[in-house]
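Overview (structure and organization)
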Amino acid sequence: MPYSCSGQQDSRTKGFHVFGKLTGRKSGLVFFYYRESKDKYVRDSCALKDGYFSFTGIVSEPTTADFALKDKDNDGNRFGGPNFSTFFIEPGKLIITAAENNISHSEMRGSNSQLELERVKRKKDSIIVRELDPLNEVYKKNNAQYLTAQKDSSRQGDLSIIQGRFDSISLIKEQIFLKLTDADIEYVIHHPESYISSYLLANNIRYVSFDSLKLLYNTLSPDIQKSYYGLEVATEIQKTQEIIADTAVKSFIRRDVKGGLIDLDEERKDKYILLDFWASWCIPCRQQSPHLKLLYNKYKKSGFEIIGVADDNKTPDAWRKAILQDGLEIWKQILINPDTTINRNETSASIGDIYNVASYPTQVLINKNGNILERYGDKGVSFESLDKRLMSIFGY
């Protein structure tokens, strides 16, 4: 008989009862975490009895649940590894079939929402197996060649060739990730009354334009818009609209790549400033760099300045290398997060948080009066619009 560890099932129709069998393990502890309502998150656990387990509870709507066997990767506070999986649960009888060290590929029956999610996952898995996995193998071989060449002084000339292959691989990966996002968005478009749609849309907030996010949210049914994940999307839309309406510049102080102190309030006096949010690992960012250099050289004598803001605090060497490789030392370069251990004068908040930047590349154009004129990329208009705006400002 399955062993029940949770409290009594609620008498309302929102109750669920999970039954499960974990093969390969007779004893141990399993975790089951889920959102009971928009305001209540439940952390449940259960001791295995001859490999069986059971959980009961209530949910206000179909929602995600994390299931894990306690091990070195899963201690109740952090989850991951082969003994962890996420399901979409809903009211009713739910059955989990799992195996030790393969819980990530376990099966749940009884949840229509989980079946919907698996359909989307199968489509994405086919893209991963067909396109991404072979590319990852190419990356591994290329990386091995790079490491070998690094150690051989006679092969230093090969490093730039191998690096070029890395750049090509990254470009192809970018296109594959776009296909994975498209698979999610296609489901959202065709299933406006599905809780899975709000979940997928919330997970892709960073990967779709603001206009697309609003359009997709508005296609959702009223009930789905009011769901937990629907409200997450609505909150992001509202926050972004407030940012767009708020034209006041947010000041900051940062140490630049050359060691100088950059104060935005001082920098913007009698100048138009473009904050360029980028990263050394962001291929689209680096693809835009040549055009930014053209604009900078064209307008710098007329009072146009660029400040690069890089998300490279964890990879400062790659940041410095990318600046030199792409010729970006011609304007000021700073990191998005402070290093207070070196300089206590820096603004403590992330500049990305100050300007609510969720993806890269993103640019923010500031005028001489300290007002935000326009955003490009994330939560803004297209990068191509920057040319027209600068032409209208400087007259040429």
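Residues numbered from 1 in each chain as written. Predicted model: local features only at pLDDT ≥ 70, side-chain atom pairs only at ≥ 80, totals over all residues. Heavy atoms only, no water.

Here we come to unusual backbone geometry. In this model, Tyr360 is joined to Pro361 through a cis peptide bond whose omega is 0°. Structurally, Pro361 is set in the loop between helix H10 (351-354) and strand S14 (362-366). In this model, Asp50 sits at a positive phi of 60°, which is unusual for a non-glycine residue. Tracing the chain through its elements places Asp50 in the loop between strand S3 (40-47) and strand S4 (52-58). A relative accessible area of 48% means that Asp50 is categorised as partly exposed. Even without glycine at this site, Asn356 takes up a positive phi of about 50°. Mapping Asn356 onto the fold places it in the loop between H10 and S14. Residue Asn356 is classed as buried on the basis of its relative accessible area of 13%. (Helix = DSSP H or I, 4+ residues; strand = E, 2+ residues; numbered from the N terminus. Buried < 20%, exposed > 50% of the residue type's maximum accessible area, 1.4 Å probe, protein only.)

Once that is clear, we can look at the packing of aromatic side chains. Overall, the coordinates contain 26 aromatic pairs when judged by the stated rule. On the basis of an interplanar angle of 20° and a centroid distance of 5.0 Å, the ring pair of Phe32 and Phe55 is categorised as stacked. Here the residue Phe32 occupies a position in strand S2 (residues 29-37), and Phe55 occupies one in strand S4, the gap between them amounting to 23 residues. The two residues Phe32 and Phe55 agree in class, both being buried. One cation-aromatic arrangement involves Lys21 over Tyr52; the distance from NZ or CZ to the ring centre is 5.4 Å. Over the ring of Phe19 we find Lys93; its NZ or CZ atom is 5.4 Å from the centre of that ring. (Phe/Tyr/Trp six-rings, centres within 6.5 Å; stacked < 30°, edge-to-face > 60°. Lys NZ or Arg CZ within 6 Å of the ring centre and 35° of its normal.)

Working note: regular strand, side chains alternate between the two faces of the sheet. Bridge analysis of S2 against S3 gives eight bridges, and the strand direction is antiparallel. In the sheet register, Tyr33 faces S3, and the bridge partner there is Arg43. (Pairing = 2+ DSSP bridges.)

Take the state of the cysteines next. In the structure shown here, the tally under the stated rule is one disulfide. With its sulfur 2.2 Å from that of its partner, Cys282 forms a disulfide with Cys285. Where Cys282 bonds to Cys285 through sulfur, the torsion about that S-S bond is close to 80°, and the disulfide is right-handed. Here Cys285 falls in the buried class, since its relative accessible area comes to 4%. (Disulfide = S-S within 2.5 Å.)

A complete count under the given rule lists 19 salt bridges for this structure. Residue Lys40 is joined to Glu36 by a salt bridge in which the shortest nitrogen-to-oxygen separation is 3.7 Å. In this structure Glu36 comes out as buried when scored by relative accessible area, which is 17%. Between Arg155 and Asp158 there is a salt bridge; the shortest N-O distance is 3.0 Å. Overall, Asp158 belongs to the partly exposed group, its relative accessible area being 28%. Overlapping salt bridges, with partners in common, bring together Arg130, Glu131 and Lys179 in one network. (Salt bridge = Lys/Arg side-chain N within 4 Å of Asp/Glu carboxyl O.)

We now examine the packing of helix H2 (residues 158-190) against helix H3 (residues 195-203). Contact pair H2 / H3: the axes reach a minimum separation of 9 Å and the direction vectors enclose 145°. Two packed elements cross with a definite hand, and for H2 against H3 that hand is left-handed. Contacts between H2 and H3 involve Asp184, Ile185, Tyr187 and Val188 from the first element and Ile196, Ser197, Leu200 and Leu201 from the second. Taken together, the residues that form the contact of H2 with H3 break down as six nonpolar, one polar and one charged. (Axes fitted to C-alpha atoms, helices over the stretch in contact; angles between N-to-C directions. Left-handed = near helix turned anticlockwise from the far one by under 90°. Contact = heavy atoms within 4.5 Å. Nonpolar A, V, L, I, M, F, W, Y, C, P; charged D, E, K, R; others polar.)

If you trace the four strands from one edge of the open sheet to the other, you get S4-S1-S7-S8, paired in mixed fashion. For this open sheet the edge positions go to S4 and strand S8 (107-109), each flanked by a neighbour on one side alone. With direction set aside, neighbouring strand axes in the sheet form an average angle of 20°. Examined bridge by bridge, strand S1 (residues 15-23) and strand S7 (residues 92-99) share eight bridges and lie parallel to one another. Looking at S7, one finds that Phe19 is bridged to Ile95.

Nothing here speaks to function; it is geometry throughout.
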